[in-house]
Structure formats: structure tokens, C-alpha cells
Amino acid sequence: DPSTAEAMKPLGDIFVRIVKMLIAPIVFSTVVHGIASVGDLRRVGRVGLKALAYFEGMTTVALVIGLVVVHALQPGAGIHANPAELDTTELTATTHGREATTVVQHLTNIVPESFVSAFTSGEILQVLFIAILVGLAISALGEKGKGALHAIDEMSKVFFRVVALVMRLAPFGAFGAMAYTVGHFGVASLGNLLTLMLGF
């Protein structure tokens with residue numbers, strides 16, 4: 001009954017949305033707490049530069065590994081999905097406004113139009129930018145910033161507890177996504193999914 005399996009898709013979609021919803025506040029609280037708790041701004045700068053270099057380096061390595069593995073295994077080769085028949089509304093909504101830009105435009109886009117828009121737009125670089133500013137501000141306040149640092153720490157614990165609760169829904173999310181995939185593309189797609197998992 002493929003149509004019943006396809007009807008399970010919202011379970012997977014809802015789970016992914018919940019996880020995406022938690023990313024920005026967790027990044028914000030973790031980065032703010034990390035910067036503010038160090039105290040010495042010069043040390044923060046040194047650690048920040050090392051972290052940036054490590055992040056850029058490991059991202060490049062991950063991209064190279066990903067390209068090699070996906071070209072070697074070709075996990076989607078047997079699915080035979082027709083792009084013309086796929087619903088691209090969600091893809092268009094996600095990628096709209098994120099087309100290739102110049103370096104200057106990219107750097108300008110890191111600064112959000114408002115404090116809240118960084119969180120509502122799902123732009124993690126903007127959230128990171130705000131988190132760095134808030135962390136530096138709390139650190140510069142010294143003893144006066146201890147209350148704010150404690151509040152951020154407690155907020156971080158709350159969000160991680162929410163993640164623990166959400167992870168209990170993971171089997172339902174995986175069930176919905178798997179049911180939709182098998183119902184829409186057929187049982188043979190399980191082989192492609194296994195290849196994808198082996199690739200990961």
C-alpha cells in the first residue's frame with residue numbers, strides 16, 4: 001500500500017523541523033558560554049583563530065572525502081527519481097536568497113538585520129556572529145556579567161535537555177522518512193539507503 005507509506009512523510013518532516021529548530025539556540029548558548037567563561041579576551045582571540053583554522057581545514061577535508069565517497073559509491077544511482085516530477089517548493093524556499101554571491105556580499109550577509117531575524121531565518125553564521133558579540137560583551141563586563149553568564153549556562157542546559165527529549169522521537173521520524181522513501185521509490189530504494197549509510 002504505497003499511498004499509506006507515503007502518508008507517513010510528515011513524521012519525518014516534523015522530526016527534522018524540531019531538530020533544525022534547536023540548532024540556533026544551542027549554537028548561541030554554547031558559543032556565548034564558551035567565550036564568556038574564558039575571561040581573557042586575548043586568549044579568546046587566539047583560541048578563536050585556531051578554531052576557525054581548524055573548522056575551515058576540517059570542512060575542506062570533509063568535502064574532499066564526501067566527493068570521493070559519493071563518486072565511488074553513487075548511492076542514488078538506482079533510485080531513478082525524475083526531477084521533473086519531484087516537489088521542489090521546499091527546496092526553492094530553502095535556497096532562495098542563498099545563490100552564489102561575491103565575498104563582500106557574503107561577509108555583509110553575516111551581519112543580521114535584527115537580533116531576532118538571525119534565529120528566525122535559520123542563518124547559523126548570523127547566529128554565530130551575534131553569539132560572539134554577546135560572549136565578548138559578557139566577558140568585558142567581568143564580575144557584572146557573571147549573572148548573564150549563569151543565565152546562558154542554565155539556558156544551554158535546558159536546550160540540551162530538550163534535545164534529549166526530542167531524540168526519543170527519532171524512531172518515529174526515521175519510520176516516517178523510511179516509509180515514505182520505500183512507498184514512493186519502491187523496496188529497492190532500501191539498497192540505495194544502505195549504500196548511503198555505508199558511505200557515511
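Refer to the structure above for everything that follows.
Attention here is on the structure that accompanies the text. Please read these numbers as outputs of a predicted model, since none were measured by experiment.

**A few points about the overall build of the chain**
Then, in step 1: A count of helical and extended segments in the chain gives 10 helices and zero strands.
Then, in step 2: The secondary structure elements of the chain, listed N-terminal to C-terminal, are α-α-α-α-α-α-α-α-α-α.
Then, in step 3: Here the C-alpha atoms of the chain give a radius of gyration of 21 Å, more than 25% beyond the 16 Å that 2.2 N^0.38 yields for 200 residues.
Then, in step 4: With the principal axes as the frame, the chain shows a C-alpha extent of 65 × 35 × 30 Å.
Then, in step 5: Sorting the 200 residues of the chain into buried and exposed places 18% on the buried side.
Then, in step 6: Once local pairs closer than 6 in sequence are excluded, the contacts in the chain between residues at least 24 apart make up 75%.

**Looking at the side chain of Asn-192**
Then, in step 1: Tracing the chain through its elements places Asn-192 in helix α10 (residues 189-199).
Then, in step 2: Among all residues touching Asn-192, those that are not within four sequence positions of it are Pro-75, Gly-76, Ala-77, Gly-78 and Ile-79.

**A closer look at the nonpolar core**
Then, in step 1: In terms of nonpolar packing, the biggest core is built from 11 residues, these being Ala-24, Phe-28, Val-32, Ala-36, Ala-118, Val-127, Ile-130, Ala-131, Ile-138, Leu-149 and Ile-152.
Then, in step 2: Looking at this core, the elements that each hand over two or more residues are α2 (9-38), α7 (124-141) and α8 (146-167).

**A look at the pattern of salt bridges**
When the charged atoms of two side chains with opposite charge come close together, those side chains can pair.
Then, in step 1: The final tally for this structure, using the stated rule, is four salt bridges.
Then, in step 2: The salt bridge partner of Lys-9 is Asp-13, with a shortest N-O separation of 3.0 Å. Of this pair, Lys-9 and Asp-13 both sit in helix α2, four residues apart, which is roughly one turn of the helix.
Then, in step 3: Residue classification places Lys-9 among the partly exposed positions, given a relative accessible area of 28%.
Then, in step 4: With relative accessibility at 31%, the residue Asp-13 sits in the partly exposed group.
Then, in step 5: The salt bridge partner of Lys-157 is Glu-154, with a shortest N-O separation of 3.4 Å. With Lys-157 and Glu-154 both in helix α8 and three residues apart, the pair spans about one turn of that helix.
Then, in step 6: Given the relative accessible area of 49%, Lys-157 is considered partly exposed.
Then, in step 7: Classification of Glu-154 as partly exposed rests on a relative accessible area of 33%.
Then, in step 8: A single salt-bridge network, built from bridges that share partners, covers Asp-153, Glu-154 and Lys-157.

**A word on the layout of surface pockets**
Then, in step 1: Taken as a whole, the second largest pocket holds about 730 Å³ of empty space.
Then, in step 2: Lining the second largest pocket we find 21 residues, and of these Gly-48, Ala-51, Leu-52, Leu-128 and Ile-132 sit closest to its centre.
Then, in step 3: Looking at the lining of the second largest pocket, the elements that each hand over two or more residues are α2, α3 (41-73), α5 (103-110) and α7.
Then, in step 4: When residues of the lining of the second largest pocket are assigned to their parent elements, the largest contribution, nine residues, is made by α3.
Then, in step 5: Here the lining of the second largest pocket is built from residues that sort into 16 nonpolar, four polar and one charged.

**Quick look at the packing of α2 against α8**
Then, in step 1: At a minimum axis distance of 9 Å, the contact between α2 and α8 shows a crossing angle of 150 degrees. By the angle between their directions, the pair α2 and α8 is classed as roughly antiparallel. Considering how the two elements wind past one another, α2 and α8 form a crossing that is left-handed.

Parameters at a glance
Residues numbered from 1 in each chain as written. Predicted model: local features only at pLDDT ≥ 70, side-chain atom pairs only at ≥ 80, totals over all residues. Heavy atoms only, no water. Helix = DSSP H or I, 4+ residues; strand = E, 2+ residues; numbered from the N terminus. Rg over C-alpha atoms; globule rule 2.2 N^0.38 Å. Buried < 20%, exposed > 50% of the residue type's maximum accessible area, 1.4 Å probe, protein only. Contact = heavy atoms within 4.5 Å. Core = buried A, V, L, I, M, F, W, Y, C linked by side-chain atoms within 4.5 Å. Salt bridge = Lys/Arg side-chain N within 4 Å of Asp/Glu carboxyl O. 1 Å grid on protein atoms, 1.4 Å probe; cavity = no way out; pocket = protein on both sides within 12 Å on 5 of 7 lines; lining within 4 Å. Points joined across faces, edges and corners; volume = space filled by probe spheres on them. Nonpolar A, V, L, I, M, F, W, Y, C, P; charged D, E, K, R; others polar. Axes fitted to C-alpha atoms, helices over the stretch in contact; angles between N-to-C directions. Parallel < 35°, antiparallel > 145°, perpendicular 65-115°, else oblique. Left-handed = near helix turned anticlockwise from the far one by under 90°.

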